[in-house]
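Coordinate analysis (summary)
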Amino acid sequence: MIGAAGGFLTVALGAFGAHGLRDLVSAERLANWATATHYLGLHALAILACGLWLLQRPDDRLIHRAAGAFTVGILLFSGSLFALVLTDQRAIGMITPIGGLFFLSAWSLLLVGAWRVRGPAHRDTESGAD
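Analysis parameters
Residues numbered from 1 in each chain as written. Predicted model: local features only at pLDDT ≥ 70, side-chain atom pairs only at ≥ 80, totals over all residues. Heavy atoms only, no water. Phe/Tyr/Trp six-rings, centres within 6.5 Å; stacked < 30°, edge-to-face > 60°. Helix = DSSP H or I, 4+ residues; strand = E, 2+ residues; numbered from the N terminus. Buried < 20%, exposed > 50% of the residue type's maximum accessible area, 1.4 Å probe, protein only. Axes fitted to C-alpha atoms, helices over the stretch in contact; angles between N-to-C directions. Parallel < 35°, antiparallel > 145°, perpendicular 65-115°, else oblique. Left-handed = near helix turned anticlockwise from the far one by under 90°. Nonpolar A, V, L, I, M, F, W, Y, C, P; charged D, E, K, R; others polar. 1 Å grid on protein atoms, 1.4 Å probe; cavity = no way out; pocket = protein on both sides within 12 Å on 5 of 7 lines; lining within 4 Å. Points joined across faces, edges and corners; volume = space filled by probe spheres on them. Expected span 1.5 Å × (residues − 1). Polar contact = N/O pair within 3.5 Å; in protein donor to acceptor, adjacent residues only side chain to side chain. Salt bridge = Lys/Arg side-chain N within 4 Å of Asp/Glu carboxyl O. Contact = heavy atoms within 4.5 Å. Core = buried A, V, L, I, M, F, W, Y, C linked by side-chain atoms within 4.5 Å.

Using the criterion set out here, one finds six aromatic pairs in the structure. Judged by centre distance (5.6 Å) and plane angle (55°), the rings of Phe77 and Phe103 are tilted. Taken together, the positions of Phe77 in helix H3 (residues 61–87) and Phe103 in helix H4 (residues 96–125) put the pair 26 residues apart, joining distant regions of the chain. According to the relative accessible area criterion, Phe77 is buried, its value standing at 12%. Aromatic ring contacts, followed pair by pair, group Phe16, Trp33 and Phe82 into a single cluster.

And the structure:
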């Protein structure tokens, strides 16, 4: 549900930025809005991928944590950029990197989860990259 809601918001907020904010904010702030929208959409898809993974492995705690970290990352990273654009309060921008750290941790959790799924037998017989 969170991934689908994120996809919906990506389209709605992207359209709002392109059409509703065009004449109201600077080009720099429009670029901030576009970045926020882009990261929202990308990580909404990542949350959907976590959901698909969890259909196969519902008890995979790493992937549950990754989905949670993606969600917090969206709220902090994209949310702070959206708030920055709408309020022009630069101090809000200090939150953005914290969201980025949540994104990095989520991707790391997915990497470790994928590594564990491959299993030791697969690692010993395969030398190719996944």
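Next comes the rest of the write-up.
When two helices pack together, their arrangement is given by the angle between their axes and by how far apart the axes lie. Interaxial distance between helix H2 (residues 27–56) and H3 falls to 9 Å at its minimum, and their mutual angle equals 165°. The pairing of H2 with H3 is recorded here as roughly antiparallel in orientation. H2 and H3 meet at a crossing whose hand is left-handed. The class makeup of the residues in the contact of H2 with H3 is 21 nonpolar, seven polar and one charged.

Okay, the layout of surface pockets next. Its boundaries defined by the atoms lining it, the largest pocket holds a volume of some 180 Å³. In this structure, the largest pocket is lined by 13 residues; those nearest its centre are Gly6, Leu9, Leu40, Ile74 and Leu75. Taken together, the elements giving at least two residues each to the lining of the largest pocket come down to helix H1 (2–20), H2 and H3. For the lining of the largest pocket, the element with the most residues is H3, which contributes six residues. Partitioning the lining of the largest pocket into residue classes produces nine nonpolar, four polar and no charged.

Now for H3. Taking 1.5 Å of rise per residue, the 27 residues of H3 would be expected to cover 39 Å, and the 38 Å separating its terminal C-alpha atoms lies within 8% of that figure. The backbone nitrogen of Leu62 lies 3.2 Å from a side-chain oxygen of the residue at the head of H3, namely Asp60. Backbone geometry just after H3 places Asp88 at a positive phi near 60°.

Our focus in this paragraph is the pattern of salt bridges. What the rule picks out here adds up to two salt bridges. For Glu28, the salt bridge is made with Arg29, and the minimal N-O distance between the two is 3.8 Å. Arg29 gets classed as buried once you look at its relative accessible area, which sits at 7%. The residue Asp88 makes a salt bridge to Arg29 at a minimum N-O spacing of 3.0 Å.

Take the side chain of Ser80 next. By the element assignment, Ser80 lies in helix H3. A distance of 2.6 Å separates a polar side-chain atom of Ser80 from the backbone oxygen of Leu76. Setting aside anything within four residues of it in sequence, one finds Ser80 in contact with Leu75, Ile92, Ile95 and Thr96.

The biggest cluster of nonpolar side chains holds 22 residues, and the ones touching the most others in it are Cys50, Phe70 and Leu110. Those elements that provide at least two residues to this core are H2, H3 and H4. In terms of residue count, H3 provides more of this core than any other element does, eleven residues in total. Dropping the residues within four chain positions of it, Cys50 is found in contact with Ile63, Ala66, Ala67, Phe70 and Leu110.

Just geometry here; none of it tells us what the structure is for.
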